[in-house]
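Structural description and commentary
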Amino acid sequence: MATTPEARPHQGEARERQVRTLFSEIAPRYDLLNHVLSLNIDRRWRRRAVDLLDVPAGDPEVRVLDACAGTYDLSLELAGRKGFSGRVVASDFARPMLVEGQGKLRGRPIAPVCGDTLRLPFPDGAFHRAMVAFGVRNLSDPARGFAEFARILRPGGRLVILEFTTPPNRLMRGFYLFYFHRILPLVGRVVSGHPWAYSYLPESVKEFPGPQELAGMLETNGFQRAEWSYLTAGIAAIHVAVKEGTPAGRG
Ligand SMILES: C[S@@+](CC[C@H](N)C(=O)[O-])C[C@H]1O[C@@H](n2cnc3c(N)ncnc32)[C@H](O)[C@@H]1O
């Protein structure tokens, strides 16, 4: 399927406008398409991301940021865990995504905040943990986003990033590219009614740095260790990074 100019990832502020507009427009169909197009694998990936976040159980003081939170699926995965007694702050700059997901919150300890991940509206060291699912690929400047995560985390605080990648295995990559570039944009366009949102997705994955490069970017933007692993034959990857410094208390 030919890629239209609107679907190609823009640069700088134009990218921010492009992304905010896109998610604001597809918000009503986002959850449905997410689970259908990923064949529900995304739920398993989010569970894994929350496992790796390693949040201490039974601690009411724990504060966790879910950046680029969308309709809260990652926040809900954490807040619904037995033993979680802290609070999740779920931030996103596309207000319609936050509004769309609000019905799912049902008294969970999740506070929505409309804010930009590149200029997080929180003081230094405000969080013990930070997590982001399918968000960093959309940032106009991922390195700046990582520096922001480092700023709002306490020393020793942990960041978990879940993001799409391109599978390293040739056979799997062929299947994946066919699905991502042919099937997904078509189904996405029919179901969402949006002319280019689901063509933007494969384009944004194509231009996003690979997992090793991403780990290097984390390590040069405030994190002392960044480890990563592939999920589902390399369709996605999870990075776990620890903010520089010695943790005080729950780190
Ligand atoms: C693919 S969705 C992921 C939503 C959610 N994390 C999930 O797992 O379903 C990406 C989200 O990132 C948000 N986003 C992208 N760039 C952002 C930025 N600079 N600041 C805040 N939110 C941003 C979009 O508005 C969108 O809701």
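Numbers given to residues run from 1 along each chain, matching the order in which its sequence is written. With pLDDT at 70 or above as the cut-off, local features in this predicted model cover only qualifying residues; side-chain atom pairs require 80 or more to be listed or tallied, and sums for whole chains, interfaces and linings still use all residues. Processing note: side-chain calculations cover all non-hydrogen atoms of the structure and skip hydrogens and water entirely.

**Things to note about the overall build of the chain**
- In DSSP terms, a helix is any run of H or I states spanning at least four residues, a strand is any run of E spanning at least two, and both are numbered starting from the N terminus. In terms of helices and strands, the chain carries eight helices and seven strands.
- Within these notes, the globule rule equals 2.2 Å times the number of residues to the 0.38 power, and the radius of gyration is based on C-alpha atoms. Against the compact-globule benchmark of 18 Å for 251 residues, the chain has a radius of gyration of 17 Å, which places it among compact chains.
- For the chain, the C-alpha atoms occupy an extent of roughly 55 × 40 × 35 Å along the three principal directions.
- The buried label goes to any residue with under 20% of its type's maximum accessible area, the exposed label to any with over 50%, and the partly exposed label to all in between, with areas taken from a 1.4 Å probe on protein chains only. A burial count over the chain gives 52% of its 251 residues as buried.
- In this description, accessible areas are obtained by the Shrake-Rupley approach with a 1.4 Å probe, and a residue is regarded as covered only by the protein chains that are shown. As displayed, the chain offers around 11,300 Å² of accessible surface, 53% of which is attributable to carbon and sulfur atoms.

**A word on the pairing of strand E5 (residues 153-164)**
- Counting buried positions along E5 gives nine out of twelve residues, so the element sits mostly inside the fold.
- Being paired, for any two strands, means DSSP has found at least two bridges between them. Summarising the sheet, strand E4 (residues 127-133) and E5 pair through six bridges and their orientation is parallel. Each bridged residue has a counterpart across the sheet, and for alanine 133 the counterpart in E5 is leucine 162.
- Consider the strands pointing away from the viewer: the crossover is right-handed when the path from the first strand over the helix to the second runs clockwise. For the segment spanning E4, helix H5 (residues 142-152) and E5, crossover handedness is right-handed.

**Section: the packing of aromatic side chains**
- Geometry of aromatic contacts follows a simple scheme: Phe, Tyr and Trp rings, the Trp one being its six-membered ring, pair when their centres are within 6.5 Å, and the pair is stacked under 30 degrees between planes, edge-to-face over 60, tilted otherwise. Under the defined criterion, the tally for this structure stands at eight aromatic pairs.
- When the centroid spacing of 6.0 Å and the interplanar angle of 80 degrees are considered together, the rings of tryptophan 45 and phenylalanine 164 count as edge-to-face. Here phenylalanine 164 lies in strand E5 and tryptophan 45 lies in helix H2 (residues 41-53), a separation of 119 residues in the sequence.
- When the centroid spacing of 5.5 Å and the interplanar angle of 70 degrees are considered together, the rings of phenylalanine 164 and phenylalanine 180 count as edge-to-face. Taken as a pair, phenylalanine 164 in strand E5 and phenylalanine 180 in helix H6 (residues 170-192) lie far apart in primary sequence, 16 residues in all.
- Classification of phenylalanine 164 by relative accessible area gives buried; the value is 13%.
- By relative accessible area, phenylalanine 180 is classed as buried at 5%.
- Through pairs of rings, three or more aromatic residues link up here, namely Trp45, Phe134, Phe164, Tyr176 and Phe180.

**Comments concerning the packing of H5 against helix H8 (residues 211-219)**
- Axis separation between H5 and H8 bottoms out at 9 Å; the angle between their running directions is 50 degrees. On the basis of their axis angle, the class for H5 and H8 is oblique. Crossing of H5 over H8 shows right-handed handedness. For the pair H5 and H8, the contacting residues are Pro142, Ala143 and Phe146 in the first and Leu214, Met217 and Leu218 in the second.
- Note on residue classes: Ala, Val, Leu, Ile, Met, Phe, Trp, Tyr, Cys and Pro are nonpolar, Asp, Glu, Lys and Arg are charged, and everything else, Gly too, is polar. Of the residues belonging to the contact of H5 with H8, the class tally is six nonpolar, no polar and no charged. Only the stretch in contact is used when fitting a helix axis, every axis being a line fitted to C-alpha atoms; angles between N-to-C directions are given from 0 to 180 degrees. Reported orientations rely on four angle classes, namely roughly parallel under 35 degrees, roughly antiparallel over 145, roughly perpendicular from 65 to 115, and oblique for the rest. Each crossing gets its handedness from the near helix: less than a right angle anticlockwise from the far helix is left-handed, clockwise is right-handed. By the convention used here, residues are in contact when the closest approach between their heavy atoms is within 4.5 Å.

**Quick look at the site of the ligand**
- In these notes, residues near a molecule or strand are those with any non-hydrogen atom within 4 Å of it. Within the structure, the ligand sits among 19 residues, and Tyr30, Cys68, Asp92, Asp116 and Thr117 are positioned closest to it.
- A 3.5 Å cut-off defines polar contacts: any pair of N or O atoms within that distance qualifies, except that in protein one atom must be a possible hydrogen donor and the other a possible acceptor, and neighbouring residues in sequence count only when both atoms are side-chain atoms. One nitrogen or oxygen atom from the side chain of aspartate 116 is found 2.9 Å from a nitrogen atom belonging to the ligand.
- Computed on the free molecule, the ligand has an accessible area of 590 Å², of which 98% lies beneath the protein chains in the complex.
- Residue composition of the shell around the ligand, by class: eleven nonpolar, five polar and three charged.

**Digging into unusual backbone geometry**
- In this model, threonine 232 sits at a positive phi of 45 degrees, which is unusual for a non-glycine residue.
- Within the secondary structure, threonine 232 is located in the loop between strand E6 (223-231) and strand E7 (236-243).

**Here we look at the pairing of strand E2 (residues 87-92)**
- E2 sits mainly inside the fold: five of its six residues count as buried.
- Bridge count for strand E1 (residues 63-67) against E2 is five bridges, and the pairing is parallel. Pairing of alanine 67 across the sheet is with serine 91, part of E2.
- After leaving E1, the chain enters helix H3 (residues 73-79) and then returns to the sheet as E2, a path that is right-handed.

Purely spatial values, then, with no claim about function.
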